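Observations on the model geometry
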Number of protein chains: 2
Amino acid sequence: MPSADKPTVAAKPRKSAVRRQEILRHATALFDRKGYAYTSLDDVAQAVGIKREALYYYFRSRTEILIAIVGPQTSGLIDGMQAVLSQTLPAQEKLRLAIRNHLQRFDRHCLEMTIFLRDGVMGGNEELHVAMRRVWKDYESMWTRLIDEGKAAGEISDLGDSKMIAFGILGMCNWLARWYNPRKSAPIDSIIDTYFAMLSQGLQPMHQRAGEPSALTAPARVARPSQPRKKST
Amino acid sequence: MPSADKPTVAAKPRKSAVRRQEILRHATALFDRKGYAYTSLDDVAQAVGIKREALYYYFRSRTEILIAIVGPQTSGLIDGMQAVLSQTLPAQEKLRLAIRNHLQRFDRHCLEMTIFLRDGVMGGNEELHVAMRRVWKDYESMWTRLIDEGKAAGEISDLGDSKMIAFGILGMCNWLARWYNPRKSAPIDSIIDTYFAMLSQGLQPMHQRAGEPSALTAPARVARPSQPRKKST
C-alpha cells in the first residue's frame, strides 16, 4: 500500500490512474518511435514531465511498462479468437472473422500492436520473454486449430501443413506492424476484405484455372507474353 | 591504408579476409540471439577472442557490421526479383518465382535475413535507416509492379490495391524470420509450394465455390457443427 501513509489518500486513486495512463501513452509513443531497446526510463519520465523517481511509484521497471502496454492487446486477440472458434460457422466464415479480429486491433491500437510484434520478442528480461512466447504460442495454436478443423470438415483445402498455413496468414496480418498507419493507409475494412479474398479465393482468376474441376475453362493462355514495359535503366 | 606501415603486409590480405568473415559470423550469431540493440562491440570482440581495439581494424562501428551482414541479402533479393520481372512469363509463374527468390534466401541465410527484417528497421544510425528504407522501398515497388502487370494482363484477380496485396505476400514470406529454422522446419521447397498455392488458388475448396465470385452465399450451411473436440479446460 504505497499511498497509505500519504495525506492525500482520498483523491489518490483517481489522479494516479490518470497519471498512469499518461505514462503509458508517452511510453507507447516513445517505444514506437525509438524502439523499446533504445528508450530509457529517463526518456519516459522526461516525456511525461516528471522525475524518474516519481515514475517508480507507477512502474518498477521498463519491463512493467511494456507488459502494461502489450498485455491488453494479447488478451484481446486471444479472447476474440476464442469467441470465433467457439461459434458454429463454416470454416471460411471463421477464417474471415479471425482475420477481422486480428486486423481490427491494428486500427484501434496500432502503436501497441507494433510494439508487441516488434519489441515483444526481444529485450526485456527472460521472464517477460517466456510469458510472451507462451501467450503467442497459445494464439498460434488456435489458428492452427481453425485450419485443422476446416480441413477435417472439407471446408479448407489441404494445401500443406496446418501450422505452416496458420503462420502464413499470421505473417500477412502481422506485417501491418511495419506499414499500416491508421491515419494514412486504406481503411482497415478494405484490408480485411482484400486479405480474406486473397487467402480464400486466391489471386489466380477463375477462368485461368484450366485443370480445376469447376473452373470456367477458358482456352489456355499460358504462352501469353506479359505487358510490354519501358525498362527503368 | 591502415596496413601500409605494418611488417606483415604480404600475408595480411588473406588472413584479414578470414578474420573479417570470422567476426561477421560471430556478430551474426550474437545479433540473432540477443538482438542488435543488445549486442555491444565488446560482446563481438569477446566472442571472436580478440580485443575491441583489434576489432576496429576491420569495422569502425556496430553499424558497419550490420551493413556487412545484411547488405548481401538485400542485394540478392533485389537482383533476383529484377531477374523475375524481366522474364516473359505468365504472372502466376512470376509470382511463384518471386516467392521462391524470397524464401530460398531464408534457407541459405536464415540468421542474416532475420537480422535484416527484425533489426534493420530499428537501431543503428539515421544514415543506416535511410539507406535501409530506400532499399526496402525499391524491393516493395518491384512486388507492386508484379501485381500491377498481372492485373493489367488479366492474370491476377483485382482483389484490392496492388501495394496492399504486395505487402500481404511480403508479410507472409517475411514472417519466416520469426519461426523458420533451416534445421528443424519443413523443407523450404514445401513452404514455397504451400504459400504459392495459398496465394494463387486460395484455401477455399473449389467445390464449395458455388456462386462465384462470392462463394460465401452458397446455400447457408451455417448450422453445421464444427468438429467435436475435447475441451482443454
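Quick caveat, the model's predicted, so the values are computed rather than measured. (Residues numbered from 1 in each chain as written. Chains lettered and ligands numbered in written order. Predicted model: local features only at pLDDT ≥ 70, side-chain atom pairs only at ≥ 80, totals over all residues. Heavy atoms only, no water.)

Overview of the overall build of chain A
Convention followed: The numbering of helices and of strands both runs from the N terminus, where a helix is a DSSP run of H or I of at least 4 residues and a strand a run of E of at least 2. Throughout this description, buried means an accessible area under 20% of the type-specific maximum (1.4 Å probe, protein chains only), exposed means over 50%, and partly exposed covers the range between. Contacts: residue pairs with any heavy atoms within 4.5 Å of one another. Accessible surface area values rest on a Shrake-Rupley calculation with a 1.4 Å probe, where residue burial reflects the displayed protein chains alone.
Each helix and strand counted, chain A has 10 helices and zero strands in total. Reading the secondary structure of chain A in the N-to-C direction produces α-α-α-α-α-α-α-α-α-α. Of all 233 residues assigned to chain A, the portion counted as buried reaches 49%. When contacts within chain A are restricted to residue pairs at least 6 apart in sequence, long-range pairs at least 24 apart make up 64% of them. Surface summary for chain A: the accessible area is close to 11,600 Å², and the carbon and sulfur share equals 53%.

Points about the domain arrangement of chain A
All names here are of chain A. To keep it simple, the criterion reads: Where each domain starts and ends follows an automatic or database-derived domain assignment. Buried area is understood as the total, over both parts, of accessible area removed when two parts are fitted together, assessed with a 1.4 Å probe. Basic side-chain nitrogens of Lys or Arg form a salt bridge, by our definition, when they fall within 4 Å of a carboxyl oxygen of Asp or Glu. Distance and chemistry together define a polar contact, namely a pair of N or O atoms within 3.5 Å, with one atom able to donate a hydrogen and the other to accept it when in protein, and with adjacent residues in sequence counting only for side-chain atoms on both sides. Note that Gly is not counted as nonpolar here; it falls among the polar residues with everything else outside the nonpolar set of Ala, Val, Leu, Ile, Met, Phe, Trp, Tyr, Cys and Pro and the charged set of Asp, Glu, Lys and Arg.
Split into domains, chain A comes out as domain 1 (11–60) and domain 2 (62–204). Taking only C-alpha atoms into account, the centre of domain 1 sits 28 Å from that of domain 2. If you look at the interface, domain 1 gives 16 residues, while domain 2 gives 15 residues. For the pair domain 1 and domain 2, the summed buried area comes to about 1,400 Å², and 66% of that belongs to carbon and sulfur atoms. Of all residues in domain 1, F31, D32 and Y36 give up the largest surface area on contact with domain 2, accounting jointly for 46% of the area buried on that side. If you look at where domain 1 meets domain 2, you find one salt bridge. The residue E64 makes a salt bridge to R60 at a minimum N-O spacing of 2.6 Å. Summed over the shared surface of domain 1 and domain 2, the number is four residue pairs in polar contact (both at pLDDT 80 or more). Per-element accounting of the side of domain 1 that touches domain 2 gives the leading share, seven residues, to helix α1 (residues 12–34). Across the side of domain 1 that touches domain 2, the residue classes tally to nine nonpolar, four polar and three charged.

So, the packing of helix α8 (residues 162–174) of chain A against helix α10 (residues 188–200) of chain B
Which entries qualify depends on this criterion: All axes are obtained by fitting lines to C-alpha atoms, using only the stretch in contact for helices, and the reported angles, taken between N-to-C directions, cover 0 to 180 degrees. Note on angle classes: values under 35 degrees are labelled roughly parallel, values over 145 roughly antiparallel, values of 65 to 115 roughly perpendicular, and the remainder oblique. Should the near helix be turned anticlockwise from the far one by less than a right angle, the crossing is termed left-handed; should it be turned clockwise, right-handed.
Running from amino to carboxyl end, α8 of chain A crosses α10 of chain B at an angle of 60 degrees, the nearest separation of the two axes being 10 Å. Regarding the angle of α8 of chain A to α10 of chain B, the classification is oblique. In this structure, α8 of chain A crosses over α10 of chain B, and the sense of that crossing is right-handed. Contacts between α8 of chain A and α10 of chain B involve M164, I165, F167, G168, I169 and M172 of chain A on the former and, on the latter, S190, I191, T194, Y195, M198 and L199 of chain B. Per-class residue counts for the contact of α8 of chain A with α10 of chain B are nine nonpolar, three polar and no charged.

Some thoughts on the packing of helix α5 (residues 91–108) of chain B against helix α7 (residues 126–152) of chain B
Two packed helices can be described by the angle between their axes and the distance between those axes. All names here are of chain B. Contact pair α5 / α7: the axes reach a minimum separation of 9 Å and the direction vectors enclose 160 degrees. Judged by the angle between their axes, α5 and α7 are roughly antiparallel. The hand of the α5/α7 crossing is left-handed. Residue-level inspection shows A91, K94, L95, A98, I99, N101 and H102 of α5 in contact with α7, the latter providing W136, Y139, W143, L146, E149 and G150. Split into classes, the residues belonging to the contact of α5 with α7 amount to eight nonpolar, three polar and two charged.

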